[in-house]
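Chain and residue survey
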Amino acid sequence: MKAFRVEKYGDAGGTRAAEVPDPVVGADDVLVRIHAAGVNPLDTRIRNGDFKAFLPYRLPLVLGNDLAGTVVQVGPGVTEFAVGDEVYARPDKDRIGTFAELIAVHQDDLAPKPATLTMAEAASLPLVALTAWQALVERAHVQPGQKVLVHAGAGGLGSIAVQLAKALGAHVATTVSTAKVDLAKELGADVVIDYRTQDFETLLDGYDVVLDSLGGENLAKSLRILKPGGTAISVAGPPDPAFARELGANPVLRLAMTALSFKTRRQAKRLGVTYSFLFMRAGGEQLRALTPLIDAGKIHPVVDRVFPFDETLQAMEYVEKGRAKAGKVVVSMTGEHRSRPAG
């Protein structure tokens, strides 16, 4: 089958199209013919070797962390899926590889594709939707009436997190650039802050939860707008000891992560709030929980552009250089693509 794989860590020069063997299907695996795959900043970071310390992939490695497609084979232990089913998933971090024609996914990581979505729309969702769910539902336990700040509310993660927070009954604020203010309002944000002309720290106070995807000074300021007992969850900030434990990291790596997050955790403690680092995980059950919200129209994907599969490297460059106006970028294996960006 055709796939796009990393042959050496570094810049785009180490990634190319190649013919690779078809996946081996285990007893609990589902073989999926991929119709579309989401493109995430995570793909570029894996390509660059940013996560070598705790994601020790063996090269060559097929990239890609989101998929939508059709089941073509099931292992003997599979009970939930049959040939012909339309599905979507974020494969387990140890079994990525959606920039390919086929992939074998454990049945627990797979879910039926929402009936209201195209394959390209469905492929844009798993990684960001699971991240939003694990941050807001599983970790923060967002309740109706709580105040939630979602940074970068027009981006891939932010656009879904804003909608999920609203579906949970929260009062939602978000930060976006000037050009995306109207989109953020359409997504349901109650307070939209133009970060080019406004400082969210001077405008917001007493928030229960912040979902941060930027890190650095943005995270430090986010801690200060939380009320006592509030929680800041970051996908871009420094890894913390809880993540090291979850990962089963060795003592050296655990010590390093503890040191990296020390300043942030100390600031949070002084303010009487909590800091939490999130590296999302695969989860078919959580995707199933999201599906009713998607099919009811409470969460809808924001797709900036769909590239043909042959242009996967160009799609990665498009994401890496920040050209997407809003939402996600997708590659399509079946010709479902737009020639120009949305918006």
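Below is a summary of the structure that appears in this document. (Residues numbered from 1 in each chain as written. Predicted model: local features only at pLDDT ≥ 70, side-chain atom pairs only at ≥ 80, totals over all residues. Heavy atoms only, no water.)

This brings us to the environment of G75. If you trace the backbone, G75 turns up in the loop between β5 (67–74) and β6 (86–89). C-alpha separation for the pair G75 and A12, spaced 63 residues apart in sequence, amounts to 35 Å. Among all residues touching G75, those that are not within four sequence positions of it are V25, G26, A27 and D29. (Helix = DSSP H or I, 4+ residues; strand = E, 2+ residues; numbered from the N terminus. Contact = heavy atoms within 4.5 Å.)

Let's shift gears to the sheet that holds strand β1 (residues 2–6). Ordered by their spatial adjacency, three strands build an open sheet running β2-β1-β4, and the pairing between neighbours is antiparallel. Strands at the two margins of the open sheet, each flanked by one partner only, are β2 (15–19) and β4 (61–62). Across two bridges, the pairing between β1 and β4 is antiparallel. From the neighbouring strand, R5 faces β4, where its bridge partner is V62. (Pairing = 2+ DSSP bridges.)

Here we take up the layout of surface pockets. In this structure, the second largest pocket spans a volume of roughly 350 Å³. Taken together, 15 residues make up the lining of the second largest pocket; nearest its centre are M1, P23, V62, I96 and G97. The set of elements that each furnish at least two residues to the lining of the second largest pocket consists of β4 and β7 (102–106). Top element by residues in the lining of the second largest pocket is β7. It accounts for three residues. Looking at the lining of the second largest pocket residue by residue, the classes come out as twelve nonpolar, one polar and two charged. (1 Å grid on protein atoms, 1.4 Å probe; cavity = no way out; pocket = protein on both sides within 12 Å on 5 of 7 lines; lining within 4 Å. Points joined across faces, edges and corners; volume = space filled by probe spheres on them. Nonpolar A, V, L, I, M, F, W, Y, C, P; charged D, E, K, R; others polar.)

Evaluation of the coordinates by the stated rule reveals five aromatic pairs. Centroid distance F4 to F309: 5.3 Å. Interplanar angle 85 degrees. Geometry classified as edge-to-face. Of this pair, F4 sits in strand β1 while F309 sits in the loop between β15 (303–308) and α12 (312–320), and the two are 305 residues apart along the sequence. With relative accessibility at 7%, the residue F309 sits in the buried group. Between the aromatic rings of F307 and Y318, the centroid separation amounts to 5.4 Å while the plane-to-plane angle is 65 degrees, which identifies the pairing as edge-to-face. Remark: Y318 occurs in helix α12 and F307 occurs in strand β15; sequence separation between them is eleven residues. An aromatic cluster of three or more residues is present, and its members are F51, F243, F277 and F279. Geometry around Y318 places R305 over its ring, the cationic atom sitting 5.4 Å from the centre. (Phe/Tyr/Trp six-rings, centres within 6.5 Å; stacked < 30°, edge-to-face > 60°. Buried < 20%, exposed > 50% of the residue type's maximum accessible area, 1.4 Å probe, protein only. Lys NZ or Arg CZ within 6 Å of the ring centre and 35° of its normal.)

What follows is about the sheet that holds strand β10 (residues 171–176). With parallel pairing, six strands are arranged side by side in an open sheet as β11-β10-β9-β12-β13-β14. In the strand order of this sheet, the two ends are held by β11 (191–194) and β14 (274–277), each with one partner. Taken over all neighbouring pairs, the strand axes of this sheet differ in orientation by 15 degrees on average, direction set aside. Inspection of the sheet shows β10 paired to β11 by four bridges, in the parallel sense. (Axes fitted to C-alpha atoms, helices over the stretch in contact; angles between N-to-C directions.)

This brings us to unusual backbone geometry. In the segment running from L59 into P60, the intervening peptide bond is cis, with an omega of 0 degrees. As for its placement among the helices and strands, P60 is situated in the loop between α1 (41–48) and β4. Positioned with a positive phi, H141 is a non-glycine residue whose angle comes to about 50 degrees. Inspection of the secondary structure puts H141 in the loop between α3 (126–139) and β9 (147–150). Although it is not a glycine, A152 adopts a positive phi angle of roughly 55 degrees. Tracing the backbone shows A152 in the loop between β9 and α4 (156–167).

Our focus in this paragraph is the packing of α3 against α4. Where α3 contacts α4, the axes come no closer than 9 Å and their chain directions differ by 45 degrees. When the axis of α3 is compared with that of α4, the two are oblique. Here α3 and α4 pass one another in a crossing that is right-handed. Listed contacts from α4 to V128, A129, T131, A132, W133, L136 and V137 of α3 are G156, L157, I160, A161, L164 and A165. (Parallel < 35°, antiparallel > 145°, perpendicular 65-115°, else oblique. Left-handed = near helix turned anticlockwise from the far one by under 90°.)

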